[in-house]
Amino acid sequence: MRFPPFERRCSAPWRIFAACLTLLILTVQYTNYSPLIPELRATLQISAGEVGLFSTLLFLGLTLAYLPAGVLIDRYGARPVLLASTLLATCGALLLPLVPHFGWLLAMRLVTGLGIGGAFVAGASVAAGSGRLAALGQGLYGGSTQVGAGLGLLLTPYLARLFGWRGAFFCWGLPGLLGALIWLLVDVEEQHPLRQGGLRRGLRSGAVWSLGLAHMGTFGLGNAIATWIALYLVQLDHLPLALAATCGSLALLSGMLFRPLGGLILGRRWLGSITLVRLMALFCCAGIICLALPWHSAPLSWIGITLTAIGSSTPYAAIFNEAASLRSVGKGVAQSLVSVISSPTLIMGPPLIGFLLDQTASYSDAFGIMLLFSAVAIVAALVAGPAIAREHWGGYYTVTESLPAPGEPSPSTRSE
């Protein structure tokens, strides 16, 4: 049976569009619980630290899925992994509001995270395999994460008002069925990688570790802060919850501009990949400092939110394209390892912030502790350039097992 609108469904633009839409649908789960925190605490009789486990279990699932998904992608291709992972995430999201107890709610968040993790790495592989559109495609793909997270923060208060907190969770699970349908219609031209470096080689790669730690202090840090930004604006700036959630979602939605902008900057060669990562790590650190300062003011809050949004979003394409281009490690394994290494802020950040808020009632302490992750990311960004350059040259001869032919280009040194 032919589907005329999808006659060119193997083309790079279709693949990028399908990956972006699927990720947007799934990543609403990152923040959809955040506006529900007061109601969850009242209904389930749990503390702020315990409610942070909704984020911890989700991102723990992502972390556990990254490496198996990367290995499967390198072996079988991205499309079957995307389809199966999207179905798993959808099942977890739809079952969550149907279970009665707090422990089972967390279990369903774990299942949802497992599905999102596999889909995330597979979609990144699809975007990185888009040829000349790879940098822009990776930026658009990363921007979809921010759009999904922003929509989860923006629309959940209205869904909760209409259907209650369980109904809001169920409404966010239904679009996953559309995400699965997309990959029954869109094909992927799978290419076997020239290099077959597996998990062991990836774990020994200094480039993979430096990129992952830099990602931890940009993307991971931004998402940990985003979990609590709505309550931050309610408690310190005295905004109504719906308005605070809207403002917080705008910071996340800005990623749909900044992540493609990062891809555009790389595509036009205005900045090198590692230069961009270093600059954005500093932006993110400066934003957290503004939010954590003990003397609070509304302008300082918005400067902090803006710097954190830019710093956590813009380097996405640079990090994942550099991981995909490493000659000594398979693309799926490299990208999945970067995601795993970046996970401590996603897993530990939200409950740690909640615990410190319970103990000190101070955002200076709660957000200030996140600067430790930021410091690690800045150091990692500084060493990433030399590490990547070494692996481009070393991996080059490992893969080709011969010197470059006359007239053949030398390995890229764009990361230096």
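Here's what I pulled together on the structure shown here. This structure is a prediction, so every number in the text was calculated from the model and none was measured.

Rules of the game
Residues numbered from 1 in each chain as written. Predicted model: local features only at pLDDT ≥ 70, side-chain atom pairs only at ≥ 80, totals over all residues. Heavy atoms only, no water. Helix = DSSP H or I, 4+ residues; strand = E, 2+ residues; numbered from the N terminus. Buried < 20%, exposed > 50% of the residue type's maximum accessible area, 1.4 Å probe, protein only. Contact = heavy atoms within 4.5 Å. Areas by Shrake-Rupley, 256 points an atom, 1.4 Å probe, with all protein chains shown as cover. Axes fitted to C-alpha atoms, helices over the stretch in contact; angles between N-to-C directions. Parallel < 35°, antiparallel > 145°, perpendicular 65-115°, else oblique. Left-handed = near helix turned anticlockwise from the far one by under 90°. Nonpolar A, V, L, I, M, F, W, Y, C, P; charged D, E, K, R; others polar. Phe/Tyr/Trp six-rings, centres within 6.5 Å; stacked < 30°, edge-to-face > 60°.

What the protein contains, in helices and strands, is 19 helices and zero strands. Expressed as a percentage of its 416 residues, the buried residues of the protein come to 59%. Within the protein, contacts between residues separated by at least 24 positions form 81% of all contacts whose residues are at least 6 apart in sequence. By element, 69% of the accessible surface of the protein is carried by carbon and sulfur atoms, the whole surface being about 16,500 Å².

Let's shift gears to the packing of helix 15 (residues 316-325) against helix 16 (residues 331-341). Put simply, helix 15 and helix 16 touch, their axes get as near as 7 Å, and they point 140° apart. The orientation of helix 15 with respect to helix 16, classified from their angle, is oblique. Between helix 15 and helix 16 lies a crossing of right-handed hand. Contacts from Ile319, Phe320, Ala323 and Ala324 of helix 15 reach helix 16 at Lys331, Ala334, Gln335, Val338 and Ser339. Grouping the amino acids of the contact of helix 15 with helix 16 by side-chain chemistry returns six nonpolar, two polar and one charged.

Before going further, it helps to spend a moment on the packing of aromatic side chains. Taken as a whole, this structure holds 14 aromatic pairs when the rule is applied. Measuring from ring centre to ring centre gives 6.4 Å for Phe54 and Phe169, while their planes differ by 5°; the resulting arrangement is stacked. Of this pair, Phe54 sits in helix 4 (residues 53-76) while Phe169 sits in helix 7 (residues 134-173), and the two are 115 residues apart along the sequence. Per residue, the accessibility class of Phe54 equals that of Phe169, and both read buried. With 5.1 Å between their ring centres and 85° between their planes, Tyr232 and Tyr363 make a pair best called edge-to-face. Taken together, the residues span a long stretch of sequence, with Tyr232 in helix 10 (residues 206-237) and Tyr363 in helix 18 (residues 363-368) at a distance of 131 residues. Tyr363 shares its class with Tyr232; the two are buried. Members of the aromatic cluster, connected to one another through ring pairs, are Tyr33, Phe54, Phe102, Trp165 and Phe169.

Just distances and angles here, no functional claims.
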